[in-house]
Structure formats: structure tokens, C-alpha cells
Amino acid sequence: MRELIKRVSVASIIGPIVIILLWFGGYPLLVLTSLVGIGLIIEFFKLSKQKISLWRTILICLLAVIWQTAVFFGYENLLQLFLGSVIILLVTELSTKATEGTQERSSSMLFTYIYAGPITSTILLVRRFGAHWAILPVAMVWIVDTAAYWGGSLTGKHKLAPEFSPKKTVEGFLWGIVSAVIIAIVVPLIWSKFDTTKLWLCAMVTAFAGQLGDLFESKLKRQFGVKDSGKILPGHGGIWDRTDSILWVYPLVWIILTLIK
């Protein structure tokens, strides 16, 4: 009960702040996405215990912030920026004399950069389509996650992925899908600003990709032998714990908004 109270208390503070930043956008939202990216990088290296030097960690953080800023200001040559950043990160491996672990270190740097830069920046890209579209994904993720958790707790009998997420159930996964369908039905009745086709696609993306993103992070944590990715948010764990679903949903929502006219 004490853990639940702590969890609800933190959510009641962090949740409104996130919604407000998504609603107004601008520089405060850029600061938020940049901080999330930096947090993901630092947290991952602590989890994985990769021997990445401090200066290389700072470099990855800097490149991620540069990417966020480039997206924010509408820089057109993003592919060139991405490829240049990748080469820079790979070159830094030459500063390490040890040959053992070269592939693991290089992969970890690229993995964290892609998450902290290109993937996280899709929040900024979705915001360009309006505050309502920026808020929708995170609100849907919260609702789907809650429905999956309580639905699984009350009715779950069949394990979904017992090898790396023993508490998640098939029933919980299905409850998450049901909640997404309800969202797609109810939201237009409350707010007619949403395009129906895009809304349904985004709801289905959240129902599946959001929960799969959660499973992916569970698999990572299982590899590293930890329950939570960090302790920065009491009752909620770390940055990865709070963004695992969101960072799988926003890129797909941006793709939907871009391709469906």
C-alpha cells in the first residue's frame, strides 16, 4: 500500500507537468526531451556496466542534444547529421586499447544514441501536428498500461513472456487492447478535433507497440539482473521504466501522421 501511495503521489506531480509541456511545446519541451535523452544514456550505461569512459558518455549526450535541437529548429539534413554522429561514435572506440568488448561497446553507444536522439525527438515531431496529437500518445500509454496492469492482476492466468517478464499475462495484454479501443471510441465524442482514421491507427499502435516496448525493456532488465532501471522517480523506477512504452509509440504515431493525409 505504501508503494502504491508513493507511486500515485509521484504520478500526480510528474503527469501534469508532462501534459503542460506537451501542450505548450516550445523550448521547455525541447529541454524535457533533451533531459530524457541524457537520462536514458546515463542510466543505460549504469545498468549494462559497459566500460564507456566519461568523455565518451558526455559526447553521446552532446550528440543526442544536438539532434534534438536540429529537429526542433527543422534542420533539413538530418540523415547527414545522423551518419556523421554514427561515424564519430565509432571512431571514439579507437581510443580504447582493449580489443575485447569492441563490438559490445560500439553497439551500446549506437543503441543509446538512437534512443536518446532520433527516437526521443519524435515527441517534438508529433508536437508539430498540434498539442492534441502530442498529448494523445502519452495519455493513451498511461491508460493502456493501467488497464493491462489491473486487468492482468485481476484476471490473468496465462503468462505472456515468463522468460523475462513473469508477471505479465495474455489477459493483461488483451485488456490493454480493449482499453485502446475504448479510447478510440470515446475521444471523438469529447474532442472532435481528431481525424478518426488516424485516431484508430494511433490507438492500435499504442495497444500493441506500447506493450511490446514494455516487454523489450523487461528483457533488458532481465539481462542486467535488475528490477528497475533506476531510482530517480520514487515508486516508478528510472527513465527507461517510464519511457519504455512511450518511446515505441511516438515514432509510429509520427509515421501515421506523416503518411496518412
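This structure is a prediction, so every number in the text was calculated from the model and none was measured.

Draft legend 1. Local environment of the overall build of the chain. Assigned secondary structure in the chain consists of eleven helices and two strands. Counting helices and strands in the order they occur from the N terminus, the chain gives α-α-α-α-α-α-α-β-β-α-α-α-α. Its C-alpha atoms give the chain a radius of gyration of 19 Å, within 12% of the compact-globule value 18 Å for 261 residues. Here the C-alpha coordinates of the chain stretch approximately 60 × 40 × 30 Å along the principal axes. For the chain, buried positions account for 48% of its 261 residues. A sequence separation of at least 24 residues applies to 73% of the contacts in the chain between residues at least 6 apart. By element, 71% of the accessible surface of the chain is carried by carbon and sulfur atoms, the whole surface being about 14100 Å².

Draft legend 2. Broad picture of empty space enclosed by the protein. Applying the stated criterion across every chain, the model contains one cavity of 30 Å³ or more. By volume, the largest cavity is sized at about 40 Å³. At the level of secondary structure, the elements contributing two or more residues to the lining of the largest cavity comprise helix 2 (26–48) and helix 9 (196–224). At four residues, the largest contribution of residues to the lining of the largest cavity is made by helix 9. Of the residues contributing to the lining of the largest cavity, the split by class is five nonpolar, no polar and two charged.

Draft legend 3. Quick peek at a nonpolar patch on the surface. On the surface, a cluster of nonpolar side chains totalling about 1200 Å² of accessible area is made up of Ile20, Trp23, Phe24, Trp175, Val178, Ile182, Ile185, Val186, Leu189, Ile190, Trp191 and Trp200. Elements supplying a minimum of two residues to the nonpolar patch: helix 1 (2–24) and helix 8 (170–190). With seven residues, helix 8 is the single largest residue contributor to the nonpolar patch. Note on Val186: relative accessible area 34%, which makes it partly exposed.

Draft legend 4. The arrangement of the side chain of Lys198 in detail. Tracing the backbone through its elements, the reader meets Lys198 in helix 9. There is no salt bridge for the buried Lys198, and the closest opposite charge comes from Asp195, which lies 5.4 Å off by N-O distance. Residue contacts for Lys198: discarding those within four places in its chain leaves Trp133, Ile256, Leu257 and Ile260.

Draft legend 5. Representation of the confidence of the model for the chain. Considering every residue of the chain, the mean pLDDT works out to 91; 95% of them sit at 70 or more. Per-residue pLDDT, averaged within each element of the chain, yields its smallest value for helix 1 (80) and its largest for helix 6 (residues 122–127) (98).

Draft legend 6. Layout of the packing of helix 7 (residues 131–155) against helix 9. One way to put it is that helix 7 packs onto helix 9 with a least axis distance of 10 Å and a crossing angle of 45°. Classified by the interaxial angle, the pair formed by helix 7 and helix 9 is oblique. The handedness of the crossing between helix 7 and helix 9 is right-handed. Between helix 7, through Trp133, Leu136, Met140, Val141, Val144 and Ala148, and helix 9, the contact on the second element is made entirely by Lys198, Leu199, Cys202, Ala203, Thr206, Ala207 and Gln211. Grouping the amino acids of the contact of helix 7 with helix 9 by side-chain chemistry returns ten nonpolar, two polar and one charged.

Draft legend 7. Representation of the pairing of strand 2 (residues 165–169) in the model. The pairing of strand 1 (residues 159–161) with strand 2 spans two bridges and is antiparallel. Note that in strand 2 the partner of Ala161 across the bridge is Ser165. Where strand 1 folds back on strand 2, the antiparallel hairpin that results is connected by three residues.

Draft legend 8. The arrangement of the pattern of salt bridges in detail. In this structure the tally under the stated criterion is five salt bridges. Here Lys168 makes a salt bridge to Asp214, at a shortest N to O gap of 3.6 Å. In this pair, Lys168 is assigned in strand 2 and Asp214 in helix 9, connecting sequence segments 46 residues apart. For Lys168, a relative accessible area of 24% gives the class partly exposed. For the salt bridge of Lys221 with Glu217, the shortest nitrogen-to-oxygen distance reads 3.6 Å. One end of the pair, Lys221, and the other, Glu217, are both in helix 9, four residues apart, so they sit about a helical turn from each other. Residues Lys221 and Glu217 agree in their burial class; the two are buried. Taken together, the salt bridges that share partners define one network made up of Arg56, Glu93 and Arg105.

Draft legend 9. Highlighting helix 4 (residues 78–92). Counted at 1.5 Å a residue, the expected span for helix 4 with its 15 residues is 21 Å, and the 21 Å between its end C-alpha atoms agrees. Within the span of helix 4, buried status applies to Leu81, Ser85, Val86, Leu89 and Thr92. On an axial view of helix 4, the arc spanned by its buried residues comes to 135°, and they lie on one face. Summarising the geometry of helix 4, the exposed residues directed more than 90 degrees from the buried face are Leu79 and Gln80. Elements in contact with the buried residues of helix 4: helix 3 (54–72) and helix 5 (102–119).

Calculation rules
- Residues numbered from 1 in each chain as written.
- Predicted model: local features only at pLDDT ≥ 70, side-chain atom pairs only at ≥ 80, totals over all residues.
- Heavy atoms only, no water.
- Helix = DSSP H or I, 4+ residues; strand = E, 2+ residues; numbered from the N terminus.
- Rg over C-alpha atoms; globule rule 2.2 N^0.38 Å.
- Buried < 20%, exposed > 50% of the residue type's maximum accessible area, 1.4 Å probe, protein only.
- Contact = heavy atoms within 4.5 Å.
- Areas by Shrake-Rupley, 256 points an atom, 1.4 Å probe, with all protein chains shown as cover.
- 1 Å grid on protein atoms, 1.4 Å probe; cavity = no way out; pocket = protein on both sides within 12 Å on 5 of 7 lines; lining within 4 Å.
- Points joined across faces, edges and corners; volume = space filled by probe spheres on them.
- Nonpolar A, V, L, I, M, F, W, Y, C, P; charged D, E, K, R; others polar.
- Patch = residues over 30% accessible without salt bridge, like charges linked within 9 Å, V, L, I, M, F, W, Y side chains within 5 Å.
- Salt bridge = Lys/Arg side-chain N within 4 Å of Asp/Glu carboxyl O.
- Lys, Arg positive; Asp, Glu negative; His and termini not counted.
- pLDDT = per-residue confidence, 0-100.
- Axes fitted to C-alpha atoms, helices over the stretch in contact; angles between N-to-C directions.
- Parallel < 35°, antiparallel > 145°, perpendicular 65-115°, else oblique.
- Left-handed = near helix turned anticlockwise from the far one by under 90°.
- Pairing = 2+ DSSP bridges.
- Expected span 1.5 Å × (residues − 1).
- Arc of directions from axis to C-beta.

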